[in-house]
Amino acid sequence: MNLSLKGKNALVGGGSAGIGLASAIELSKLGASVTLISRTESALQNALRELDCSADQKHGFIVADYNEPDKLDSSVSRLLDDNIFHVLVNNTGGPAGGPIITASVESFQKAYMNHLVCNHLLAQRLVPGMKSAGFGRIVNVISTSVKEPIQGLGVSNTTRWAVAGWAKTLAAELGPYGINVNNVLPGFTLTARLEEIIEKKIVSTGSEREFVVREMLEWVPLRRFADPAEIASVVAFLASPAASYINGVSIPVDGGRTKSM
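Residues numbered from 1 in each chain as written. Predicted model: local features only at pLDDT ≥ 70, side-chain atom pairs only at ≥ 80, totals over all residues. Heavy atoms only, no water.

(A) Representation of the packing of aromatic side chains in the model. Going through the model one piece at a time under the given rule, you end up with 1 aromatic pair. Measuring from centroid to centroid gives 6.0 Å for phenylalanine 188 and phenylalanine 225, while their planes differ by 85°, and the two rings are edge-to-face. Linking phenylalanine 188 in the loop between β6 (179-186) and α6 (192-205) with phenylalanine 225 in the loop between α7 (209-217) and α8 (228-239), this pair joins segments that are 37 residues apart in sequence. In this structure phenylalanine 225 comes out as buried when scored by relative accessible area, which is 13%. (Phe/Tyr/Trp six-rings, centres within 6.5 Å; stacked < 30°, edge-to-face > 60°. Helix = DSSP H or I, 4+ residues; strand = E, 2+ residues; numbered from the N terminus. Buried < 20%, exposed > 50% of the residue type's maximum accessible area, 1.4 Å probe, protein only.)

(B) Seen up close, the pattern of salt bridges. A complete count under the given rule lists 10 salt bridges for this structure. The salt bridge involving lysine 6 is made with aspartate 56; its shortest N-O contact spans 3.7 Å. One end of the pair, lysine 6, is in the segment before β1 (9-13); the other, aspartate 56, is in the loop between α2 (41-48) and β3 (60-63), with 50 residues separating them in the sequence. Residues participating in the shared-partner salt-bridge network are Arg193, Glu196 and Lys200. (Salt bridge = Lys/Arg side-chain N within 4 Å of Asp/Glu carboxyl O.)

(C) The pairing of strand β5 (residues 136-141), seen in detail. Judged by how many residues are buried, β5 sits mostly within the fold: 6 of 6 residues are covered. Burial along β5 is two-sided: Gly136, Ile138 and Asn140 and Arg137, Val139 and Val141, pointing in opposite directions, are all buried. Both strand β4 (residues 87-90) and β5 contribute to a ladder of 4 bridges, which runs parallel. Counted as the bridge partner of asparagine 90 is asparagine 140 from β5. Here β5 runs beside β6; their pairing, made up of 6 bridges, is parallel. Each residue of the ladder has a partner; that of asparagine 140, found in β6, is asparagine 183. Taken together, β5, helix α5 (residues 154-174) and β6 constitute a β-α-β crossover, and its handedness is right-handed. (Pairing = 2+ DSSP bridges. Right-handed = clockwise from strand over helix to strand, strands pointing away.)

(D) Looking closely at helix α4 (residues 105-133). End to end, α4 covers 41 Å across 29 residues, agreeing with the expected 42 Å (1.5 Å per residue, within 8%). At methionine 113, α4 is bent by approximately 40°, the largest bend along its length. Positioned one or two residues after α4, glycine 134 has a phi angle of 70°, which is positive. (Expected span 1.5 Å × (residues − 1). Bend = angle between axes of the 7 residues up to and from the residue.)

(E) Structural view of the sheet that holds strand β2 (residues 33-38). The strand order across the open sheet formed by 7 strands is β3-β2-β1-β4-β5-β6-β7, and the pairing between neighbours is parallel. Every other strand in the sheet has two partners, leaving β3 and β7 (250-253) as the edge strands with one partner each. When the angles between neighbouring strand axes are averaged without regard to direction, this sheet yields 20°. As paired elements, β6 and β7 share 4 bridges and run parallel to each other. Pairing of leucine 185 across the sheet is with proline 252, part of β7. Strands β1, β2 and β3 of the sheet are contacted by helix α3 (residues 69-79), whose axis makes an angle of about 150° with β3. Each of β4, β5 and β6 is contacted by α5, which is oriented at about 155° to β6, the strand it contacts most. (Axes fitted to C-alpha atoms, helices over the stretch in contact; angles between N-to-C directions. Contact = heavy atoms within 4.5 Å.)

Dropping the structure here:
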């Protein structure tokens, strides 16, 4: 099985922590040179130290905020003056929770900007290089809500579906150029996002943390939360040559929580 990404460049969103950092680490283990995107320079510098680095790998980062897509676009454009990127991992923090009926218009606009619009801008910038190389992988880290809406995450459910629809359309358009587009759908994963969800459940229900966690795990056949590295391994596989005939799919990595086929 050919998993090597030696000689390939990867751009990873949300790369300073959580699933983004874990994905960057796995890609670096496969030989890719990785550029991270995040808002905080100090966190990015720390993240770089965790990447595997051989003599022919060159890692770096971009300080950018997905709330400012024009600046993100400019930063990536400058990066492309000297690089072609073969792998794009679209990943950023999810929208705040809450019932959809009480969600503000602004919360939808921000979520679409952070996820759909920024994903699209990055793809537009990187795809010409992928076409010229005859190799491209776009992997979007979304959510199991693409398969089954999650109660209390109304804005996220809506936005994730939009991203999945965008990705499916893009997969059909780019397939003839050797560019594959796929989605990874994490379940409950040990990240800051999961901690936020747990804390909100504690506040809204008045329950003890132990009870909230136990109740969440009852939905997961494996009876545990995922480590970010377990999500990242699937991201890295989809980015590799071994996944050359996988295109336009959404893969739950959730310990069996999703009940739909």
